[in-house]
Amino acid sequence: MVTPVAPEIDRALDHPDPREAVERVKDVVQRRLLAVHPSAKIVRTPFFNHTYVPDLLMRWRNGRGVAERRVYLRTSSDPILLANDVLLLEREQQPLVVPLGQVGQGPSWTRLDDIAGERQTLVLDPFGLGSLPPHSTTRSPVALASDAIVEGGRGIMRQDQVEQFLASVDLGVGAAREGREAPTRAALTTLSRRTTPGVAHRLATFMAAMWQGSGRSMTDFPGDVPLRSSLDATSLNLLLSSEEIEDEDFWRRIQPLVDIKPLLDSGITDTENLQHLMRSAVGVWKAHVCMVVEGRGAGGGWRWTVDRGRLALRGPDFVAYIAGSRKDLEFPEEREVPSLAEVRERANRHGITLTSIRMMTPNRSIGYDSPGEDVTNDPQLDGISAALEQEEGVVEALAVTPGGYALRCNFSTQTAGPPGARALLIYADLLGTALRLLRPFGETGSRCAVCWVGARCNRCSGRSRPCRRREQRAAARPASVNWWSAFRGTPMHRK
């Protein structure tokens, strides 16, 4: 969609007060850049049309760092004068030059295009600026291409060049997603020619991930990307913020390219693609500890999120944080512990083996354990509970995960982790066991465990189509209580 910028600039320049005219021109350009890239911060300088001091300074987050681009306004649209100006600017700063009129065609236009491209400079005239699509919550390939122009475009871009670039990248991303070689190569060529090396590599890595997700071998990818390249924080941001991809096989192929650190650095908080990624990752990624915090839930369906730099699973009335080390979590608050009867009921309901239980009374501490055997239903526990007049509260229990590993669950701090400072468990075992033992889930919570991996079902008034498909696939399977299937997105059944 073209938003006319040139008429606004002309009206601003017509103001009788020169100082006010300058400020109005800056208003127009700043407003338009923010409409395209609203996450940026733009700072004005007191200068205008200066040789080497920018009129605007544009900054945005890039992973955990900050990137910037200096914006220079030019009253002249003569390609010869603009070429001379571009030669005075430092290429390392990747300047963005905005002439206030349309740049004329001809041999001098070609020379300016060559110089601007070589100097890592973008010359974006008012018609090109007006052709950039406004920001939208759905990060389509066109939106990603628009960001690439603002953050790292180079050469001259008028309206036709902008439209050609957007169309080429849009077609190329779709082709990479389908494993088609020719349009993918054409888009990569356009990116290499029209964007700075850093931005071109970022989008090439993103397209390589799409290519691999299609099932094609990276040896066939028509671009210069390492065969075993992992997605960095910026490329992962592009993928997870793009339009939703529901293909489970795609995410299964993508998952080996992703690790938890770039995810936490990506700036992503909660997207549909994050839910799909986590459904593939929960059976592979490992962590040392999880902590349940009451009262921070989403109030609806269960969602994977990145909350203040930590991976979290949001439930209706709680959040479960996951980390590789206890020091990466907040200091837990002590809570009232459940009774022995409650803990035994939870373990029995969900089929969890408990090999050790530590209980507290107002003036005693009692431990009950066995060498690897299930103590949940031992008659002796009934006798202990009766002798203590059922005043005991369970502080800690050692559970066995579906994978056969030990998991120490502390009911007082609502934390869980395997014994040993460096021991790790896959997310499915860690969260699947800890949440069911630490929290009083009813039958509804068990049946809606599909929501825990991000695909909300009709019971949660969310998107029902993914759940219905999974329910249809699960109908032919034997009923079982299986945490692995729950975290993979399959509804849970009780015998």
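Residues numbered from 1 in each chain as written. Predicted model: local features only at pLDDT ≥ 70, side-chain atom pairs only at ≥ 80, totals over all residues. Heavy atoms only, no water.

1. Considerations on the sheet that holds strand 4 (residues 96-99)
Ordered in space as 1-2-3-4-5-6, the six strands form an open sheet in which the pairing is mixed. The outermost strands of the open sheet, each flanked by one partner alone, are strand 1 (41-44) and strand 6 (155-157). Neighbour-to-neighbour, the strand axes of this sheet turn through a mean angle of 25°, independent of strand direction. Of the strand pairs in this sheet, strand 3 (residues 65-74) and strand 4 are connected by four bridges, and their pairing is parallel. (Pairing = 2+ DSSP bridges. Helix = DSSP H or I, 4+ residues; strand = E, 2+ residues; numbered from the N terminus. Axes fitted to C-alpha atoms, helices over the stretch in contact; angles between N-to-C directions.)

2. Some words on the pairing of strand 8 (residues 289-294)
Taken across its six residues, strand 8 has five buried, putting it largely inside the fold. In the sheet, strand 8 pairs with strand 16 (residues 415-417) via two bridges, with the strands oriented antiparallel. In the sheet register, Met291 faces strand 16, and the bridge partner there is Thr415. (Buried < 20%, exposed > 50% of the residue type's maximum accessible area, 1.4 Å probe, protein only.)

3. Focus on the confidence of the model for the protein
The predicted coordinates ought not to be read in detail in places where the model reports low pLDDT. When pLDDT is averaged along the protein, the result is 84; 86% of the residues meet or exceed 70. Ignoring residues within four places in sequence, the model shows residues 446-495, a span with pLDDT below 50, making 107 contacts including any to other chains. (pLDDT = per-residue confidence, 0-100. Contact = heavy atoms within 4.5 Å.)

4. Side note on helix 4 (residues 107-118)
Spanning twelve residues, helix 4 covers 17 Å between terminal C-alpha atoms, matching the ideal 16 Å at 1.5 Å per step. Those residues of helix 4 not exposed but buried are Trp109, Leu112, Asp113, Ile115, Ala116 and Gly117. Following helix 4 by one or two positions, Gln120 has its phi on the positive side, about 55°. (Expected span 1.5 Å × (residues − 1).)

5. Looking at the sheet that holds strand 15 (residues 406-410)
In space, the nine strands of this open sheet follow the order 9-10-11-8-16-15-14-12-13, with antiparallel pairing throughout. At either margin of the open sheet sits one strand with a lone partner, and together these are strand 9 (303-307) and strand 13 (365-369). Sheet twist, expressed as the mean angle between neighbouring strand axes with direction ignored, is 20°. Bridge count for strand 12 (residues 353-360) against strand 14 (residues 393-400) is seven bridges, and the pairing is antiparallel. Residue pairing across strands places Met360 opposite Gly393, the latter belonging to strand 14. Across the face of the sheet, helix 16 (residues 427-438) comes into contact with strand 8, strand 9, strand 10 (310-314), strand 11 (318-323), strand 12, strand 14, strand 15 and strand 16 while running at roughly 40° to strand 15.

6. Here's the deal with the environment of Gly155
With respect to the secondary-structure elements, Gly155 resides in strand 6. For Gly155 and Thr196, which are 41 residues apart along the polypeptide, the C-alpha to C-alpha distance reads 9.8 Å. Not counting residues up to four positions away in its chain, the partners in contact with Gly155 are Asp113, Ala116, Gly117, Thr121, Leu122, Val123 and Arg194.

7. Examining the side chain of Thr376
Relative to the assigned elements, Thr376 resides in the loop between strand 13 and helix 15 (379-387). For Thr376, a relative accessible area of 1% corresponds to the buried category. Among the polar contacts made by the side chain of Thr376, one reaches the side chain of Asp374 at a distance of 2.5 Å. When sequence neighbours within four positions are dropped, the list of residues in contact with Thr376 reads Arg344, Ala347, Asn348, Ile352, Leu354 and Leu381. (Polar contact = N/O pair within 3.5 Å; in protein donor to acceptor, adjacent residues only side chain to side chain.)

8. Section: the packing of helix 6 (residues 141-152) against helix 9 (residues 197-213)
Where helix 6 meets helix 9, the axes come as close as 10 Å, and the angle between the chain directions of the two elements is 160°. When the axis of helix 6 is compared with that of helix 9, the two are roughly antiparallel. As for the relative orientation of helix 6 and helix 9, their crossing is right-handed in sense. Together, Leu144, Ala148, Glu151 and Gly152 of helix 6 and Val199, Arg202, Leu203 and Phe206 of helix 9 make up the contact between the two elements. (Parallel < 35°, antiparallel > 145°, perpendicular 65-115°, else oblique. Left-handed = near helix turned anticlockwise from the far one by under 90°.)

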